[in-house]
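Chain residues, written in single-letter form:
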Amino acid sequence: SQKIEQNSEALNIQEGKTATLTCNYTNYSPAYLQWYRQDPGRGPVFLLLIRENEKEKRKERLKVTFDTTLKQSLFHITASQPADSATYLCALNNQGGKLIFGQGTELSVKP
Amino acid sequence: DAGVIQSPRHEVTEMGQEVTLRCKPISGHDYLFWYRQTMMRGLELLIYFNNNVPIDDSGMPEDRFSAKMPNASFSTLKIQPSEPRDSAVYFCASSSTPRGTWDEQYFGPGTRLTVT
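All figures in this text were calculated on a predicted structure; none of them were measured in a lab.

Analysis parameters
- Residues numbered from 1 in each chain as written.
- Chains lettered and ligands numbered in written order.
- Predicted model: local features only at pLDDT ≥ 70, side-chain atom pairs only at ≥ 80, totals over all residues.
- Heavy atoms only, no water.
- Salt bridge = Lys/Arg side-chain N within 4 Å of Asp/Glu carboxyl O.
- Helix = DSSP H or I, 4+ residues; strand = E, 2+ residues; numbered from the N terminus.
- Buried < 20%, exposed > 50% of the residue type's maximum accessible area, 1.4 Å probe, protein only.
- Disulfide = S-S within 2.5 Å.

Bringing the pattern of salt bridges into the picture now. Enumeration over the complete set of coordinates arrives at 14 salt bridges over all chains. A salt bridge links B:D56 to A:K98; the nearest nitrogen and oxygen atoms lie 3.3 Å apart. With B:D56 in strand β6 (residues 53–56) and A:K98 in the loop between β9 (86–93) and β10 (99–101), this residue pair bridges two chains. Look at B:D56 and you get buried, because its relative accessible area is 16%. B:R64 is paired through a salt bridge with B:E83; the nearest N and O atoms lie 3.5 Å apart.

Below, the structure is given as structure tokens:
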């Protein structure tokens, strides 16, 4: 069956450390993968998109990797701050414009 | 631009009543998506439109759900009759494909629906 799995447990880290979130998928062949941030009571906000022919993408303190052999994407936040605390969703495209979302990982950055 | 606008933000209704959710996408975007988010099932795509035409409604749970997009700046999602299991947050999102490939989606603030 098709699955997208993210760290089910919340991730708690200390301010200044690097947060690493995982997204694994099964029985999909996505052309690209996206990461979104969602704060309580709000809609998801786009962060990064990485295509299947790209190994890594960076934006400020954010870095995403995409390994189509392992069927995995890693999302890193370096020098994390309490303001980075949120739920992070990975999403992959399936059949054209359809995005399939993972359940999300809740990140908590403590000062 | 004000972003994607949804109304109402909160809706409480009784089982059996009709519910209509509204969405105004970002001007110039040619794709519009309706999602539902629950703790159990996460964020699920219900239906999406391209240039006001429904492209894929395979995520619509049953005939009680219907969606329309009469013009480029307005879409509705209707549930009739509503049931308690429809309680969720419903998001509308829009996107554009300026380079012919998929881009990020812009989400509205959502409508929290409670059916009692």
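Here we come to the state of the cysteines. Per the counting criterion, the structure on display carries two disulfides over all chains. Between the sulfur of A:C23 and that of A:C90 lies a disulfide, 2.0 Å long from S to S. Handedness here is read from the sign of the S-S torsion; for A:C23 and A:C90, about 60°, the answer is right-handed. Taken together, the residues span a long stretch of sequence, with A:C23 in strand β3 (residues 19–26) and A:C90 in strand β9 at a distance of 67 residues. One exposure class covers both A:C23 and A:C90, and it is buried. The side chain of B:C23 participates in a disulfide bridge whose partner is B:C92; the two sulfur atoms lie 1.9 Å from each other. Between B:C23 and B:C92, the disulfide has an S-S torsion of -65° and is therefore left-handed. Taken together, the residues span a long stretch of sequence, with B:C23 in strand β3 (residues 19–24) and B:C92 in strand β9 (residues 88–95) at a distance of 69 residues. A residue is classified by how much of its surface remains accessible, and B:C23, at 1% relative accessible area, is buried. Note on B:C92: relative accessible area 0%, which makes it buried.

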